[in-house]
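# Remarks on the overall topology
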Amino acid sequence: MRPPLLAPLLLVSALALLAGPARAEENECRRSPSLTSGAPPTFGRISAPGRTAFVKDGLARAGCPDPSAACRERAYLVSADPVILGERRGAYVCAHYRGAGDDMGRTGWLPGEAVAVEPPGAVAPADWLGTWTRAEARIRITQADKPGLLTFGGDATWGAGDPERARRGGVHIGEFAGTVAPQGAAASFAVGENGALPVEAGDASDCKVWLRRVGPWLVVDDNLACGGVNVTFRGLYRRQP
């Protein structure tokens, strides 16, 4: 049995917000996939036999990632496990994984030779539908009245998992809603006064959301303007059964 993947997705997001440009030199790999910069994330699977351990980044241990035992994490994946693949650095690729039945995910370096990219399949409107969740966030996607359009509704919190913060009323909340036509595997919109509009037409203060279907997951990114302080919809979501 695999040991628990220890990095909660919200903690990953919080660390990403704190990380400045200088930290890129430390081979950082702990951010959720970005949909607003760079190439779209790609889908892959573990192709190596046996266990493939995650590898520490330079923030966890100086000099990592490298093949040494000191850089090897306890958490691992096995052959055929799905992953989202991001930045490549030398022999390693920054990968994102979240198993079924948990609200925790893992982002970290994997040996590039241990993963294989799979060509993306076609994404139909029905592939978006359902309720998608991660820790402290939920997104419902339903068929709109007009053919070709989907309605996206999200709600999220920050601090709800902290009983003391919840007791003193320190939980922050956020939400969004919009009806748009997805473009294959991708959808995006800004939330204006009169409903959803293209992200490029939104004001800087408008909530802006980017969504993408990748493998079994829904990847979400936002501009940190969709709720109270520290509230974000960024992360990897799984569809509820």
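Look up: the structure comes first, before these words.
Here's a quick rundown of the structure. (Residues numbered from 1 in each chain as written. Predicted model: local features only at pLDDT ≥ 70, side-chain atom pairs only at ≥ 80, totals over all residues. Heavy atoms only, no water.)

### What to know about the pattern of salt bridges
Under the definition given, this model contains eleven salt bridges. A salt bridge links Asp 57 to Arg 30, with the shortest nitrogen-to-oxygen separation between them at 2.8 Å. Residue Asp 57 is found in the loop between strand 2 (51-55) and strand 3 (72-78), and its partner Arg 30 is found in the loop between helix 1 (9-18) and strand 1 (42-46); the two are separated by 27 residues along the sequence. As far as the burial class goes, Asp 57 and Arg 30 line up, both buried. Each of Arg 138, Arg 140 and Asp 155 takes part in one network of salt bridges that share partners. (Salt bridge = Lys/Arg side-chain N within 4 Å of Asp/Glu carboxyl O. Helix = DSSP H or I, 4+ residues; strand = E, 2+ residues; numbered from the N terminus. Buried < 20%, exposed > 50% of the residue type's maximum accessible area, 1.4 Å probe, protein only.)

### With respect to the state of the cysteines
A complete count under the given rule lists three disulfides for this structure. Between the sulfur atoms of Cys 29 and its disulfide mate Cys 94 the distance is 2.0 Å. Because the torsion about its S-S bond is 95°, the bridge between Cys 29 and Cys 94 counts as right-handed. Of this pair, Cys 29 sits in the loop between helix 1 and strand 1 while Cys 94 sits in strand 5 (residues 92-97), placing them 65 residues apart in sequence. Judged by its relative accessible area of 8%, Cys 94 falls in the buried class. (Disulfide = S-S within 2.5 Å.)

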